[in-house]
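One letter stands for each residue in the lines below.
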Amino acid sequence: MTHLLRAEALRLATTRTYWLLAAGVTALIAAGSAATAAASSFTGGVSPARSVLAIAGLAQTVALVAGALSVTGEFRHKTITPAVLITPRRTPLLAAKLIVMAAAGLVFGLAVTGLATAITLPLLAARHIPAGLSGTQAAAIVAGGGAATALAAALGIGIGAIIRNQVGAIVTVLALLYVAEPLLGFIPHAGTAVQKYGLDGLAAAATHTTGFPATAQLLGPGAAIVVLAAYAGAVLSVGAAVLRHRDITA
Amino acid sequence: MTTSTSTEGSGPVARQAGAALPCLTTTTAGPAIQVAGLRKKFGRVMAVDDVSFTVSAGRITGFLGPNGAGTTTTLRMVLGLIRADAGTAVIAGKPYAQLTNPARTVGALLDAAAAHPGRSGRDHLRVLATQAGIPGRRAGQLLDRVGLAVDDVVVISHGRTITQAPLVELLAGRPGSTLEDIYLELTGSAEGELS
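Residues numbered from 1 in each chain as written. Chains lettered and ligands numbered in written order. Predicted model: local features only at pLDDT ≥ 70, side-chain atom pairs only at ≥ 80, totals over all residues. Heavy atoms only, no water.

If you tally the helices and strands in chain B, you get six helices and eight strands. Listing the helices and strands of chain B from first to last along the sequence gives β-β-β-β-β-β-α-β-α-β-α-α-α-α. When the 195 residues of chain B are sorted by exposure, 47% land in the buried category. Across chain B, contacts joining residues at least 24 apart in sequence account for 67% of those joining residues at least 6 apart. Of the roughly 9,300 Å² of accessible surface on chain B, a fraction of 52% belongs to carbon and sulfur atoms. (Helix = DSSP H or I, 4+ residues; strand = E, 2+ residues; numbered from the N terminus. Buried < 20%, exposed > 50% of the residue type's maximum accessible area, 1.4 Å probe, protein only. Contact = heavy atoms within 4.5 Å. Areas by Shrake-Rupley, 256 points an atom, 1.4 Å probe, with all protein chains shown as cover.)

With that out of the way, let us pick up the overall build of chain A. Check the secondary structure of chain A and you find eleven helices and zero strands. In chain A, the succession of α and β elements from N to C terminus is α-α-α-α-α-α-α-α-α-α-α. What you see for chain A is a C-alpha radius of gyration of 19 Å, in line with the 18 Å of a compact globule of 250 residues. Considering only C-alpha atoms, chain A reaches an extent of 60 × 40 × 25 Å along its principal axes. Every one of the 250 residues in chain A was classed for burial, and the buried ones make up 50%. Considering only contacts in chain A between residues 6 or more positions apart, those separated by 24 or more positions represent 76%. Accessible area of chain A: about 10,500 Å², with a carbon and sulfur share of 72%. Taken together, the 14 basic and 5 acidic charged side chains of chain A have centroids lying 4 Å from each other. (Rg over C-alpha atoms; globule rule 2.2 N^0.38 Å. Lys, Arg positive; Asp, Glu negative; His and termini not counted. Charge placed at Lys NZ, Arg CZ, Asp CG, Glu CD.)

Turning our eyes to something else, we now look at the packing of helix α9 (residues 190-197) of chain A against helix α10 (residues 199-206) of chain A. Two numbers describe a pair of packed helices, the interaxial angle and the distance between the axes. Residues and elements named next belong to chain A. Close contact between α9 and α10 brings their axes to 4 Å; oriented N to C, the two are set at 50°. By the angle between their directions, the pair α9 and α10 is classed as oblique. Taking contact as the criterion, the partners of Gln195, Lys196 and Tyr197 in α9 are, on α10, Leu199, Gly201 and Leu202. Across the contact of α9 with α10, the residue classes break down as three nonpolar, two polar and one charged. (Axes fitted to C-alpha atoms, helices over the stretch in contact; angles between N-to-C directions. Parallel < 35°, antiparallel > 145°, perpendicular 65-115°, else oblique. Nonpolar A, V, L, I, M, F, W, Y, C, P; charged D, E, K, R; others polar.)

Moving on to helix α11 (residues 221-245) of chain A. All names here are of chain A. In this model α11 runs 36 Å from its N-terminal to its C-terminal C-alpha over 25 residues, within 8% of the 36 Å that 1.5 Å per residue would give. Within α11, burial applies to Ala224, Val227, Leu228, Ala232, Leu236, Gly239, Ala240 and Leu243. The elements touched by buried residues of α11 are α4 (58-76), α6 (90-126), α7 (135-162) and α10. (Expected span 1.5 Å × (residues − 1).)

Contact with chain B, which involves 32 residues of that partner, is made by 30 residues of chain A. Of the roughly 2,600 Å² buried between chain B and chain A on both sides combined, carbon and sulfur atoms contribute 59%. Looking at the side of chain B facing chain A, the largest losses of area belong to B:Leu81, B:Thr130 and B:Gln131, adding up to 25% of the total buried there. The tally of links between chain B and chain A comes to one salt bridge. Of the charged contacts in the structure, one is a salt bridge between A:Asp247 and B:Lys40, with a shortest N-O distance of 2.7 Å. Our count for the contact surface shared by chain B and chain A stands at twelve residue pairs in polar contact (both at pLDDT 80 or more). When contributions to the side of chain B that touches chain A are tallied by element, the ones reaching two or more residues are β4 (31-42), α2 (102-105) and α3 (121-131) of chain B. It is α3(B) that contributes the most residues to the side of chain B that touches chain A, seven residues altogether. Per-class residue counts for the side of chain B that touches chain A are 17 nonpolar, seven polar and eight charged. (Buried area = accessible area lost by both parts, 1.4 Å probe. Salt bridge = Lys/Arg side-chain N within 4 Å of Asp/Glu carboxyl O. Polar contact = N/O pair within 3.5 Å; in protein donor to acceptor, adjacent residues only side chain to side chain.)

Glancing now at the confidence of the model for chain B. All names here are of chain B. Summarising the model, chain B shows a mean pLDDT of 68, and 57% of its residues fall at 70 or more. Least confident of the elements in chain B is strand β1 (residues 5-6), whose mean pLDDT is 40; most confident is strand β7 (residues 86-91), at 93. Across residues 1-21, where pLDDT falls below 50, the model places 56 contacts with residues more than four positions away in sequence or in other chains. Low confidence marks residues 151-165, where pLDDT is under 50. Its contacts with residues over four positions away, or in another chain, come to 34 contacts. Under the prediction, the complex receives an ipTM of 0.85, its pTM being 0.82. (pLDDT = per-residue confidence, 0-100.)

Summed over the entire model, instances satisfying the criterion amount to eight salt bridges over all chains. Between A:Glu8 and A:Arg11 there is a salt bridge, with the nearest N and O atoms lying 3.1 Å from each other. With A:Glu8 and A:Arg11 both in helix α1 (residues 2-13), this residue pair falls three residues apart, about one helical turn. Each of the two residues, A:Glu8 as well as A:Arg11, counts as buried. For B:Arg39, the salt bridge identified is with B:Asp49, shortest N-O distance 2.6 Å. Here B:Arg39, found in strand β4, pairs with B:Asp49, found in strand β5 (residues 45-56); they are ten residues apart in sequence, far enough to count as distant. Residue B:Arg39 is classed as partly exposed on the basis of its relative accessible area, which comes to 31%. Taken together, the shared-partner salt bridges connect A:Glu8, A:Arg11, A:Glu74 and A:Lys97 into one network.

All right, on to the packing of aromatic side chains then. In the structure shown here, the tally under the stated rule is one aromatic pair over all chains. With a centroid separation of 5.0 Å and 40° between ring planes, the pair formed by B:Phe53 and B:Phe63 is classed as tilted. Placement of B:Phe53 in strand β5 and of B:Phe63 in strand β6 (residues 61-64) is noted, with a sequence separation of ten residues between them. B:Phe63 shares its class with B:Phe53; the two are buried. The ring of A:Phe75 is capped by A:Arg246, whose NZ or CZ atom sits 5.7 Å from the centre of that ring. (Phe/Tyr/Trp six-rings, centres within 6.5 Å; stacked < 30°, edge-to-face > 60°. Lys NZ or Arg CZ within 6 Å of the ring centre and 35° of its normal.)

As a further point, take α6(A). Between its first and last C-alpha, α6(A) extends 54 Å over 37 residues, near the 54 Å set by a 1.5 Å rise per residue. Backbone geometry just downstream of α6(A) places A:His128 in the positive-phi region, at approximately 60°.

The residue A:Ala111 is located in helix α6 in this model. Judged by relative accessible area, A:Ala111 falls into the partly exposed class, the value being 46%.

Structure (structure tokens):
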């Protein structure tokens, strides 16, 4: 397992795609939180800091995509063949990927949520806008960002193992996040459940920020992380079963 | 010379003293590979129908067939990548998945272009070596030995890189083996035929 983990870490470190994704999203989150904190009028009774830091939720989106890429990329570039030849037991192979990508997600989530907080709070203070956030609460947001990003990467790996086609997996992830969940959220009654138990609502709850719409009823942070972990676990179990039985033809 | 073949129609043929990609090498005594009654259907297409053969150790054996004959599917079943509908395939008496350290027993190269385009050739080899528990520096040693520097490219569409870099991958599992020397002797003449 040590060999597998080291190989997986090396795969991650030597693939430019992940570094470019991370750099792009970090820049986007930094610029987005700076612009919003510096210019938004903050109406509607939501905590200003919480609504700005919702931008850091992009970290979870990119982790979901990166997790899916880490599996689908193996199929797309056919590197799954040598990987399975060296390690014929495919579940440990997937487990190593899960551990490495989730750990990377945790570090990345902590870093960018921390960065967004470090940008937002001073800017709000300079405009004399009460952030509505204690130091402990800010720390909880950063910790939640780390946990939610790690779980998003795990979920992405599960999705990638089920849908090995790279375009198919990415389109599924983005359509779920940006089309299905927002639209289903408008359905009377049932919509509130989507806002609460959908990925966006769970990630927002886990990071103590605001969901979509900002007035959505969310779970508590602990409960949201448990539900997210349950989703990831369920999808990963299906993904591992699919991977075990799949013919590797290319 | 114990190779026997049992094939039908335009199915694959195992033949000795030939070499063809995709290829597979083993380091074992006794029959290296024993295949009996392998069968595989993809949907309605019968890809491999009742293929049996034995490959002896210490011989160079070619496994030939026209495009679509099922040679690659057969090799993938032998290597546990594709699940056979029927029949058995063992390497050194065991199914591939039950070999203790398969990368040190079998060198298999099924697709010379199976590499991530964003990763350098050296890193590609380092990843695979690390996964097999081989020190990553061996990748560099082997590359130096075959006279390749693939820091920037994994695959060049023609010429030496595409034939040699993957062959280094094939050899990486066996430190100081005679196969490596055989390969180095063969490359001069084999390359022309393979490319």
